[in-house]
Amino acid sequence: QVQLVESGGGLVQAGGSLRLSCAASRMIFSEFITYNMGWYRQVPGKQRELVARITTRGTTNYADSVKGRFTISRDNSKKRVSLQMNSLKPEDTAVYFCNAERGGIPNWGQGTQVTVSS
């Protein structure tokens, strides 16, 4: 079973930065590199939405709302994916979930709260 553990959420003022990390602690290296990794977010009453994704080959894509502000990266040797969030806005407030997908099957972390105050 895939276990994903997020960290790095918190409270920040608008314009500030946070860095989220997600560790796939129970995976071995040869497994981790076969997963596409991503970050999603969800606010109460709304559907979970894609924030950023990085494929096994390192190709990235972003939601339009975060382009130019957020950067996703992966460190395969550490079995970790990170999300650097800069120029944060109050509308970025949400629970952020790490996702590991392979063969169309998603796996989720428990989520970490990000709150941006105005």
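All values derive from a computational prediction rather than experimental measurement.

Draft legend 1. Spatial organisation of the pairing of strand 5 (residues 49-54). Direction of pairing for strand 4 (residues 36-42) relative to strand 5: antiparallel, over a ladder of five bridges. Looking at strand 5, one finds that Y40 is bridged to L50. Between strand 4 and the antiparallel strand that follows it, strand 5, lie six residues; G45 among them carries a positive phi value of about 85°. Judged from the three bridges that link them, strand 5 and strand 6 (residues 60-62) form a sheet pairing that is antiparallel. Looking at strand 6, one finds that R53 is bridged to N61. Counted along the chain from strand 5 to the antiparallel partner strand 6, the turn is five residues long, and its residue G58 has a positive phi close to 90°.

Draft legend 2. Quick peek at the environment of K79. In this structure, K79 sits in the loop between strand 7 (70-75) and strand 8 (80-85). We classify K79 as partly exposed; its relative accessible area is 22%. Note: C-alpha distance between K79 and R53 (26 residues apart in sequence) is 15 Å. Setting aside its immediate chain neighbours within four residues, K79 contacts C22, A23, A24, S25, M27, I28, F29 and F32.

Draft legend 3. Summary view of the state of the cysteines. For the structure shown, the criterion picks out one disulfide. A disulfide bridge connects C22 with C98, and the sulfur atoms are separated by 2.1 Å. As the torsion about the S-S bond is roughly -80°, the C22-C98 disulfide counts as left-handed. With C22 in strand 3 (residues 18-23) and C98 in strand 9 (residues 94-102), this residue pair connects regions lying 76 residues apart in the sequence. One exposure class covers both C22 and C98, and it is buried.

Draft legend 4. Highlighting the packing of aromatic side chains. For the coordinates displayed, the defined rule picks out two aromatic pairs. Measuring from ring centre to ring centre gives 5.0 Å for Y40 and W108, while their planes differ by 80°; the resulting arrangement is edge-to-face. Here Y40 is found in strand 4, whereas its partner W108 is found in strand 10 (residues 105-108), with 68 residues between them in sequence. Owing to a relative accessible area of 34%, W108 belongs among the partly exposed residues under this scheme. Where F97 meets W108, the ring centres are 6.5 Å apart and the plane angle is 85°; that geometry is what we call edge-to-face. Note that F97 is positioned in strand 9 and W108 in strand 10, a separation of eleven residues in sequence. With relative accessibility at 10%, the residue F97 sits in the buried group. Among the aromatic residues, those joined into a ring-pair cluster are Y40, F97 and W108. Stacked on the ring of W108, the Lys or Arg R48 has its end atom at 4.5 Å from the ring centre.

Cut-offs applied
Residues numbered from 1 in each chain as written. Predicted model: local features only at pLDDT ≥ 70, side-chain atom pairs only at ≥ 80, totals over all residues. Heavy atoms only, no water. Pairing = 2+ DSSP bridges. Helix = DSSP H or I, 4+ residues; strand = E, 2+ residues; numbered from the N terminus. Buried < 20%, exposed > 50% of the residue type's maximum accessible area, 1.4 Å probe, protein only. Contact = heavy atoms within 4.5 Å. Disulfide = S-S within 2.5 Å. Phe/Tyr/Trp six-rings, centres within 6.5 Å; stacked < 30°, edge-to-face > 60°. Lys NZ or Arg CZ within 6 Å of the ring centre and 35° of its normal.

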